[in-house]
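Close look at the chain arrangement
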Amino acid sequence: MMESMDASMGGMPYMAPLWLIYSLSALFFAGGLFYYYRLVKPNSVKAVYGYYDWQNEVGHGLCMLAMASALAPPLWQLPSQFWAITLGLAAVFFVVRACTFGRKLPYNKWWWDWAHVGMLGGMAVMFLPIDTGYLSYALEAFWLWFAGYYIWSLVHDLQEPKVYYIGSDVSHLAMGIVMFIMTALPMTLMAPGASMPGMNMSICHGTPIPSPHQH
């Protein structure tokens, strides 16, 4: 991952205010509830979109809850291994889907499943104890594209606003922005006690966090 920016005073990595981090956690938790509400309302979803895809609802809900958990460890946080495995397996599932039956779904654009692979896999990385190295540049580019696409989508959908469309746009946009920040500036949204090994690995590329015992 890229080097994080240090605060101008003391050289310690900058962290956003806790109220902001926890507010984002609450937003993502609400996003998880939004997608799992859609999961149990197939007729309602189909009436709006013209189709219902429970696998997408599960995948998006997982991402939302993983983000909520990662941002607010004092409130609730499942082990990083749980999220790494769960999100990783979900990413593998969408790889298989993109190469097989997903191509035959009449409503499914060819790139949607691959976007889900990037979304799930990109999130899984931050829970893995690995230094992504130059892969971080690709991840940052993906999250920038992801956020940009949903800015466009939100502007378009606001012309004829519907709750499901706007809720989806806002959820995706928030994910894209926050994940870009977590990738480019790892410590910025890492609250005390957070368990995100991928964000901690080197903060980053040989830029260690100063020890309180160092002078």
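Residues numbered from 1 in each chain as written. Predicted model: local features only at pLDDT ≥ 70, side-chain atom pairs only at ≥ 80, totals over all residues. Heavy atoms only, no water.

1. Some remarks on the packing of helix α6 (residues 135-157) against helix α7 (residues 163-184)
Two quantities define a packed helix pair, namely the angle between the helix axes and the distance between the axes. The contact between α6 and α7 brings their axes to 8 Å, and the two run at 155°. One way to sum up the angle between α6 and α7 is to call them roughly antiparallel. In the packing of α6 onto α7, the handedness of the crossing is left-handed. (Axes fitted to C-alpha atoms, helices over the stretch in contact; angles between N-to-C directions. Helix = DSSP H or I, 4+ residues; strand = E, 2+ residues; numbered from the N terminus. Parallel < 35°, antiparallel > 145°, perpendicular 65-115°, else oblique. Left-handed = near helix turned anticlockwise from the far one by under 90°.)

2. Description of the layout of surface pockets
By volume, the largest pocket is sized at about 730 Å³. Broken down by secondary-structure element, the contributors of at least two residues to the lining of the largest pocket are α1 (18-39), α2 (42-49), α3 (54-71), α5 (112-125), α6 and α7. The greatest single-element share of the lining of the largest pocket, amounting to eight residues, is contributed by α6. Broken down by class, the residue content of the lining of the largest pocket amounts to 14 nonpolar, eight polar and eight charged. (1 Å grid on protein atoms, 1.4 Å probe; cavity = no way out; pocket = protein on both sides within 12 Å on 5 of 7 lines; lining within 4 Å. Points joined across faces, edges and corners; volume = space filled by probe spheres on them. Nonpolar A, V, L, I, M, F, W, Y, C, P; charged D, E, K, R; others polar.)

3. Looking at the pattern of salt bridges
Under the counting rule described, the total for this entry stands at three salt bridges. Between Arg-97 and Asp-53 there is a salt bridge, with the nearest N and O atoms lying 2.6 Å from each other. Of this pair, Arg-97 sits in helix α4 (residues 80-99) while Asp-53 is found in the loop between α2 and α3, placing the two residues 44 residues apart along the sequence. Just as Arg-97 is buried, Asp-53 falls in that class too. Here Asp-113 ties to Arg-97 by a salt bridge, and the two come within 2.9 Å at their closest N and O atoms. Of the two residues, Asp-113 sits in helix α5 while Arg-97 sits in helix α4, which places them 16 residues apart along the sequence. For the pair formed by Asp-113 and Arg-97, the shared burial category is buried. (Salt bridge = Lys/Arg side-chain N within 4 Å of Asp/Glu carboxyl O. Buried < 20%, exposed > 50% of the residue type's maximum accessible area, 1.4 Å probe, protein only.)

4. Concerning the packing of aromatic side chains
Any pair of aromatic rings gets described here by the distance separating the centres and the angle formed by the planes. Scanning all chains against the criterion turns up 21 aromatic pairs. An angle of 5° between the planes, with centres 4.1 Å apart, marks the rings of Tyr-51 and Tyr-107 as stacked. On the criterion of sequence distance, the pair formed by Tyr-51 in the loop between α2 and α3 and Tyr-107 in the loop between α4 and α5 is long-range, its members being 56 residues apart. Summarising the aromatic geometry, the rings of Tyr-149 and Tyr-150 are spaced 5.0 Å apart at their centres and angled 85° between planes, so their arrangement reads as edge-to-face. These aromatic residues form a ring-pair network of at least three members: Trp-111, Trp-112, Phe-142, Trp-143, Trp-145, Phe-146, Tyr-149, Tyr-150 and Trp-152. Directly above the aromatic system of Tyr-164 lies the positively charged group of Arg-38, at a separation of 5.4 Å from the ring centroid. (Phe/Tyr/Trp six-rings, centres within 6.5 Å; stacked < 30°, edge-to-face > 60°. Lys NZ or Arg CZ within 6 Å of the ring centre and 35° of its normal.)

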